[in-house]
Amino acid sequence: MTELNATIQGSYPELLNTMKVISKNAPDISLNTPLVDSFRKLNDNKATKELERMYLSFVTVTDNKEKMIGFDFLNKWSERELMVFKNIVETSNSNDSILLIIGSDHLWMLRKLFEGKGWKVINPFANK
């Protein structure tokens, strides 16, 4: 992650700008903000889509020696997401309801994995 971030800062100004905008728009999580409001913002479909686009754009990040830093990062990231998915699938029963509390950066891929398995995925923080 450190190498990816340094490479983006040095050679990918457009992607760096995207990351700054996403960071700037991140919800305030503090004692002054009701937790449910923060969760609503963290689970917002538009914000999740922006994170997905940002992460997928990492695939083209290479250093000056053509090392595929972004690809390697996403490879490890995907491996971690698949491990979370596998652990939940293995420890659940077909009739279980599961509440997964995980960082918002993980939502886009995990949603795709669970829906691909045929599970109904709901956002309990969505505005109705």
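Residues numbered from 1 in each chain as written. Predicted model: local features only at pLDDT ≥ 70, side-chain atom pairs only at ≥ 80, totals over all residues. Heavy atoms only, no water.

Chemist: What's the story with unusual backbone geometry in this structure? I'm lost.
Modeler: Note: most peptide bonds trans; most residues except glycine with negative phi. Positive phi, normally seen in glycine, also occurs at glutamate 66, with a value near 65°. Classification of glutamate 66 as exposed rests on a relative accessible area of 58%. (Buried < 20%, exposed > 50% of the residue type's maximum accessible area, 1.4 Å probe, protein only.)

Chemist: Sorry, what's going on with the nonpolar core here?
Modeler: One recurring pattern in soluble globular proteins: nonpolar side chains tend to sit buried together. Ranked by internal contacts, the top residues of the largest apolar core, which has 24 residues, are Leu4, Ile8, Leu15, Met54, Tyr55, Phe58 and Phe73. Within the residue set of this core, elements represented by two or more residues are helix H1 (2-11), helix H2 (13-24), helix H4 (45-57), helix H5 (69-91) and helix H6 (107-116). The element best represented in this core is H5, accounting for seven residues. (Core = buried A, V, L, I, M, F, W, Y, C linked by side-chain atoms within 4.5 Å. Helix = DSSP H or I, 4+ residues; strand = E, 2+ residues; numbered from the N terminus.)

Chemist: Can you walk me through H5 in this structure?
Modeler: An α-helical turn contains 3.6 residues, so a residue and the one three or four places further along point in the same direction. Over its 23 residues, H5 runs 33 Å from end to end, which matches the ideal 33 Å to within 8%, given 1.5 Å per residue. Among all positions of H5, only Ile69, Gly70, Phe73, Leu74, Trp77, Glu81, Val84, Phe85 and Ile88 are buried. The elements touched by buried residues of H5 are H1, H4 and H6. (Expected span 1.5 Å × (residues − 1). Contact = heavy atoms within 4.5 Å.)

Chemist: Explanation requested: a nonpolar patch on the surface in the structure shown.
Modeler: The grouping of Val59, Met68 and Phe71 at the surface amounts to a nonpolar patch, some 270 Å² of accessible area in total. Of note, methionine 68 is situated in the loop between H4 and H5. Assessed through its relative accessible area of 45%, methionine 68 is described here as partly exposed. (Patch = residues over 30% accessible without salt bridge, like charges linked within 9 Å, V, L, I, M, F, W, Y side chains within 5 Å. Areas by Shrake-Rupley, 256 points an atom, 1.4 Å probe, with all protein chains shown as cover. Salt bridge = Lys/Arg side-chain N within 4 Å of Asp/Glu carboxyl O.)

Chemist: How should I be thinking about the packing of aromatic side chains in this particular structure?
Modeler: Remark: the centre distance and the inter-plane angle together describe each pair of aromatic rings, the angle taken between the planes. Taken as a whole and judged by the stated rule, the model has nine aromatic pairs. Ring centres 5.0 Å apart and planes at 40° place the aromatic pair phenylalanine 39 and phenylalanine 125 in the tilted group. Here phenylalanine 39, found in helix H3 (residues 35-42), pairs with phenylalanine 125, found in the segment after H6; they are 86 residues apart in sequence, far enough to count as distant. Judged by its relative accessible area of 25%, phenylalanine 39 falls in the partly exposed class. (Phe/Tyr/Trp six-rings, centres within 6.5 Å; stacked < 30°, edge-to-face > 60°.)

Chemist: I would appreciate a short explanation of the pattern of salt bridges in the present structure.
Modeler: Working definition: two side chains of opposite charge can pair if their charged atoms are close together. Taken as a whole and judged by the stated rule, the model has seven salt bridges. Note that glutamate 52 is salt-bridged to lysine 112, the shortest N-O span being 3.2 Å. Pair noted here: glutamate 52 is in helix H4 and lysine 112 is in helix H6, with a separation of 60 residues, a long-range link. Lysine 112 sits in the partly exposed class, given a relative accessible area of 45%. Between arginine 111 and glutamate 115 there is a salt bridge, with its nearest N and O atoms 3.2 Å apart. Here the residue arginine 111 and the residue glutamate 115 both occupy positions in helix H6, the gap between them amounting to four residues, near one helical turn. Given the relative accessible area of 28%, arginine 111 is considered partly exposed. Among the residues examined, glutamate 115 registers a relative accessible area of 39% and is labelled partly exposed. Each of Lys49, Glu52 and Lys112 takes part in a single network of salt bridges with overlapping partners.

Keep in mind that these numbers describe shape and distance, not what the molecule does.
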